[in-house]
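# Overview (structure and organization)
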Amino acid sequence: MEVSEHLFRHEWGRLVAALTRIFGAHNLALAEDVAQEAFCRAVEVWGYRGMPSNPQAWLMMTAKNCALDVLRRERTARTFGPELHRYMLSEWTVTPMVETLFTEEAVKDDLLRMMFSCCERQLTEESQLALILNILCGFGVDEIAAAFLGGHAGTEKRITRAKHTLSEAGRSFNVESHADFAARLPTVLRALYLIFNEGYHGASKKAVIRTELCREAMRLAAMLLDHPAGATPEAYALSALMCLNAARLRGRVDALGELQTLENQDRSSWDQALIAEGLGLLGRSASGASVSQYHIEAAIAACHTTASDPAETDWSKVVQLYDALTSIASSPVVSLNRAIAIAQVEGAERGLAEIAAITNRERLAAYPFYHAAMGELEFRCKRHVEARQHFRAAVSVARNPAEKGFLERRERACGEFTQG
Amino acid sequence: MSEFTFLFRGRKHFDSPDEAQKNMQQWMAWFKELGAAGHLKDPGHPLEARGKVVRGSQKLVTDGPYAEAKDVVGGYIIVEARDLAHAAELSKGCPILGVGGSVEIRPIQTL
């Protein structure tokens, strides 16, 4: 039977979320131990007997049985979830209780509860991302370290501390409270957005890890939309943005594995199904009163993905969208992208002037595409010496081998027009 | 051809679900390979870690075995091989070796 190579990883989040609901947030470590036990059994039994016909159900059932063993063995020694503890004490109620907690609907709630718990306010953004990836996505310490260019020890320490904070909080996030939910949702959306971006533009040297980060962010966003409380206009907009960007993932690298600019990408390699899904989601995001950063970014992505070639792109609309984005989420990177769009409409000189006028543009010094954008525009103005200097600066701050390779090629292209 | 029991020792704590899945797939592949080559006489059974130990003429029953994780037998199979050396060679493909475990090879006594 064909199964996803990440079956275990995806089921990990479901098991830990369900078990944490049963044992209580303060017993997160116990929940992880029991999930680990279920996976160890799967390795042994499946290794011997082959995969069961429904591996997901097998894992859930094994976790449920392990949980019942623990509840019976430790009910006098431990306190479990505060709201469920009394059901755990009697043999009459413990089995039916645990059965209901493992139904598909209950697990859906648990996943959302865990997602929101991981975005605990006391935690830094980095810790929130590490927790989500570790608990909900089943990434190991090494995989998380590779994604964020951290060391093993530092990453492990960060995750351990964050879990401690979660356990100390004592109770999981209450998804039923509308006020709490609405207050925490922006943090959750931001975390998913950052995970996606880390995959899309990230520093990890391993392209597979970056692709997986994008996929995981999309999977979590879909999980959020799958829940009635989570399906807000902002969540639809974020999902739309992810789909429209992910649709172009394959086109970003050519057959030789080299990064390609938006202009030079083979647009036939873009994933039309994802584009259609993204546009559909973007349509559904339009029901709210407010326009979020995700709405605008998704609309920009839609301008690019629906243009059959670069010249077809409605650049004036892109400029307008960047103007709108600047007014709600201004940052030097947004201003840079706006300048690039202006250059498409009003010419390279105008674009360079816009870049020169960016407030706090020194904050872009470590961003390779800041230098690359100036290089590109100088190149169009036929000032090849300056262009080359910019590309050289871009190479020196490239974040991964694909970026470095791409920027070096651009630098060489300038060299063909200059003496040195 | 002679028969040998392979005893697998060592229960592993996995560092990540991906690692666990890889290990599981290696087991499946190894069994398939042994079977295809006609070496797998009996696919045996995986064993649960918990159990009871009964000792002495008093027939004292205790929970156990509470050995170190690396010493607990996690499963067995019966392999057909030319001789002990050949059986040992066959055991080298066992995925438990990659995760800190061991294989004990014991010829089955024949009369």
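Each remark here, short or long, concerns the structure printed above.
Notes on the structure follow. (Residues numbered from 1 in each chain as written. Chains lettered and ligands numbered in written order. Predicted model: local features only at pLDDT ≥ 70, side-chain atom pairs only at ≥ 80, totals over all residues.)

Counting its regular elements, chain B contains 2 helices and 6 strands. For chain B, the α and β elements follow one another from N to C terminus as β-α-β-β-β-β-α-β. Along the first, second and third principal axes, the C-alpha set of chain B runs to 45 × 45 × 20 Å. When the 111 residues of chain B are sorted by exposure, 26% land in the buried category. Sequence separation of 24 or more characterises 76% of the internal contacts of chain B that already satisfy a separation of 6 or more. (Helix = DSSP H or I, 4+ residues; strand = E, 2+ residues; numbered from the N terminus. Buried ≥ 20, exposed ≤ 12 C-beta atoms within 10 Å, placed from the backbone. Contact = placed C-beta atoms within 7 Å.)

It is worth spelling out the interface of chain B and chain A at this point. At the interface, 21 residues of chain B touch 20 residues of chain A. Looking at the side of chain B that touches chain A, the elements with two or more residues in it are α1 (17-36), β2 (40-46) and β5 (73-81) of chain B. The element contributing the most residues to the side of chain B that touches chain A is α1(B), with 10 residues. Classifying every residue of the side of chain B that touches chain A by side-chain character gives 9 nonpolar, 7 polar and 5 charged. (Nonpolar A, V, L, I, M, F, W, Y, C, P; charged D, E, K, R; others polar.)

Residues and elements named next belong to chain A. Note on placement: proline 401 falls in helix α21 (residues 401-415). Classification of proline 401 as partly exposed rests on a count of 13 C-beta atoms within 10 Å. Put simply, proline 401 and methionine 97 are 304 residues apart on the chain and 52 Å apart in space, counted from C-alpha to C-alpha.

The packing of two helices is summarised by the inter-axis angle and the distance between the axes. All names here are of chain A. One can describe the packing of helix α20 (residues 384-396) onto α21 by two numbers: an axis separation of 9 Å at closest approach and a directional angle of 160 degrees. Relative to α21, α20 is oriented roughly antiparallel. Between α20 and α21 the crossing geometry is left-handed. Across the interface between the two elements, His384, Ala387, Arg388, Phe391, Arg392, Ala394 and Val395 of α20 pack against Lys404, Leu407, Glu408, Arg410, Glu411, Cys414 and Gly415 of α21. (Axes fitted to C-alpha atoms, helices over the stretch in contact; angles between N-to-C directions. Parallel < 35°, antiparallel > 145°, perpendicular 65-115°, else oblique. Left-handed = near helix turned anticlockwise from the far one by under 90°.)

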